[in-house]
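# Fold and contact review
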Amino acid sequence: MTQSTIGRVGQVKEITSLSNPVIKDIRALGQKKNRDRSSSFMAEGLKLIIDALDQGWRIQTLVYAKDAKGSANVDSVAARTVAAGGLVLEVPQKVLGAITRRDNPQMVCGVFEQRYAALKDLHPKAGETYVALDRVRDPGNLGTIIRTADAAGASGVILIGDSTDPFSLETIRATMGSIFAVPVARSDIAGFLKWRDGKDALLVGTHLEGAVDYRMIDYTASPAILLMGNEQAGLPPALAERCDRLARIPQSGRADSLNLAVATAVMLFEARRHLLEV
Ligand code: SAM
C-alpha cells in the first residue's frame, strides 16, 4: 500500500472492477500491516464521514455506490473530498460490498489518515476523566469503550502496551463515529507511569480484588484516570501498585467478572456522575 494509489490529488473516477489497484489497496486495509504502512484506515457510512470531515480528519479517498449518485449529501462529501485533495470513486454496490466485507454495505465509505494524540499533549484538568486500558485485546471492547468515553464526556483514551488496533474496521464500527471525537493515545507501561507522575490526577485502578467500593471514591476533587485491566489477565502488579485507589465493582451471582467494556462504562458514569445532567 502506498500513497501512490490511495489519496492521489483530487479527481473523480468510475471503477467497476475489483482488480483495480486502488480498490485492491483499499481492500488491503483490512490487514493491520497495510494500515500501519499507509497510516490510513477505512470508515463506513455517510453520517460518520460527514462527522469526520466536520472534525477536521483528513480524507484520502471517498468511495460511493453508483446508486447514491445525485444525493445532495453524497455530492457534498464528494466535493469536500476533492477540495481536500482526495480521490473520489464511484463504484457498483458489489465493489462496495467487497471493500467493506458486507452483504448489505453502506452506500459510502472513506479512507482517512490515522491520528493518535501524543500522550505528552494530554494535561488532565479539573472536571476531566481519562480512560487508560492495559493491553485491550478485543476490537469490539475497544470500540465500545471509545464510544462510551465519548458519551460520558471523557477527554481521552490511553492504550497501554500491546493493544488491538483502534483503526481496524471492527473497532471503527463499534465506535459508531466516536473515534473521530475522542483523542486516543498509546504508550508502554513506563511511558504511561512517567506521564502520570507529573500530573495532579487521581489514578483509579479497577481490580477484582480492589479494596475500595467504586462508589465510595471522591471523583470531584481532581481529574481522574480510570485504569482498566486486560480481558484475560486483569491489571499487572506494575500498574496496580501505582494506583491511588484500587476500586472494585461489587457483584453478586455466578459471573467471575464484568466484561471490560461494561466495567469501563460503570466506572465512567460513576466518575462523571456529578458532571452529567439530564
Ligand atoms: N480474569 C481477569 C482478572 O482476574 O482480573 C478478569 C478481567 S475483567 C474481564 C477485565 C477488566 O475489567 C478487569 O481487569 C477490571 O479492570 C475490570 N473489571 C471487571 N469486573 C470488575 C469488577 N467487578 N470490579 C472491578 N473491575 C472489574
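Everything that follows concerns the structure shown earlier in this document.
Cut-off values and rules
Each chain carries its own residue numbering, running from 1 in the written order of its sequence. Residues qualify for local features only when their pLDDT is at least 70, as the model is predicted, and side-chain atom pairs are given and counted only at 80 or more; totals for whole chains, interfaces and linings, by contrast, use all residues. The side-chain values count all of the structure's non-hydrogen atoms but skip hydrogen atoms and water molecules. Using a grid of 1 Å spacing that covers the protein atoms alone, one calls a set of points a cavity when a 1.4 Å probe fits there but cannot get out, and a pocket when the set is open and has protein on both sides within 12 Å along at least five of seven lines; lining residues are those with an atom within 4 Å of a point. Grid points are joined across faces, edges and corners, and a volume is the space filled by probe spheres set on the points. Under the scheme applied, nonpolar residues are Ala, Val, Leu, Ile, Met, Phe, Trp, Tyr, Cys and Pro; charged residues are Asp, Glu, Lys and Arg; polar residues are all the others, including Gly. Buried means the residue's accessible area, taken with a 1.4 Å probe over protein chains only, is under 20% of the maximum for its type, while exposed means over 50%, and partly exposed covers the values in between. Secondary structure counts use DSSP, requiring at least four H or I residues in a row for a helix and at least two E residues in a row for a strand, with both numbered from the N terminus. Strand pairing is defined by DSSP finding a minimum of two bridges between the two strands. Near, as used in this document, describes a residue that has one of its heavy atoms within 4 Å of the molecule or strand being considered. In the analysis that follows, any N or O atom pair within 3.5 Å is treated as a polar contact, provided that within protein one partner can donate a hydrogen and the other can accept it, and provided that, for residues neighboring in sequence, both atoms belong to side chains. For the accessible areas, the method is Shrake-Rupley and the probe is 1.4 Å, while residue cover comes only from the protein chains on display. Placement in a cavity or pocket follows one criterion, namely that more than half of the molecule's atoms lie within 2 Å of its grid points.

Our focus in this paragraph is the layout of surface pockets. Estimates place the volume of the largest pocket at around 500 Å³. If you go around the largest pocket, you meet 24 residues; those closest to its centre are Thr206, His207, Leu208, Ser257 and Leu258. Split into classes, the residues belonging to the lining of the largest pocket amount to ten nonpolar, ten polar and four charged. What the second largest pocket holds in volume is close to 220 Å³. In this structure, the second largest pocket is lined by Ala43, Glu44, Gly45, Lys47, Leu48, Asp51, Arg102, Gln106, Ile172, Arg173, Met176 and Gly177.

Now for empty space enclosed by the protein. Per the counting criterion, the structure on display carries one cavity of 30 Å³ or more. Its volume calculated, the largest cavity comes out at about 60 Å³. Taken together, Ile26, Arg27, Leu29, Gly30, Arg35, Met42, Ile99, Arg101, Phe167, Ser168 and Leu169 form the lining of the largest cavity. Split into classes, the residues belonging to the lining of the largest cavity amount to six nonpolar, two polar and three charged.

Before going further, it helps to spend a moment on the pairing of strand S11 (residues 224-228). Of all five residues in S11, five are buried, a share of seventy percent or more. Going residue by residue along S11, you find Ala224, Leu226 and Met228 tucked away on one face and Ile225 and Leu227 tucked away on the opposite face as well. Taken together, the five bridges between strand S6 (residues 129-134) and S11 define a ladder with parallel strand orientation. Bridge pairing in S11 places Thr129 opposite Ala224.

Close to the ligand lie 17 residues, the nearest being Thr206, Gly229, Gln232, Ile249 and Gln251. Thr206 places a polar side-chain atom, nitrogen or oxygen, 2.6 Å from an oxygen atom of the ligand. Computed on the free molecule, the ligand has an accessible area of 560 Å², of which 85% lies beneath the protein chains in the complex. According to the grid-proximity analysis, the pocket containing the ligand is the largest pocket.

Here the focus is helix H1 (residues 21-28). Listed in full, the buried residues belonging to H1 are Val22, Ile23, Asp25, Ile26 and Ala28. A side-chain oxygen of the first residue of H1 lies 2.8 Å from the backbone nitrogen of Val22; this N-cap is Asn20.

Without other data, these values stay purely geometric and don't point to any function.
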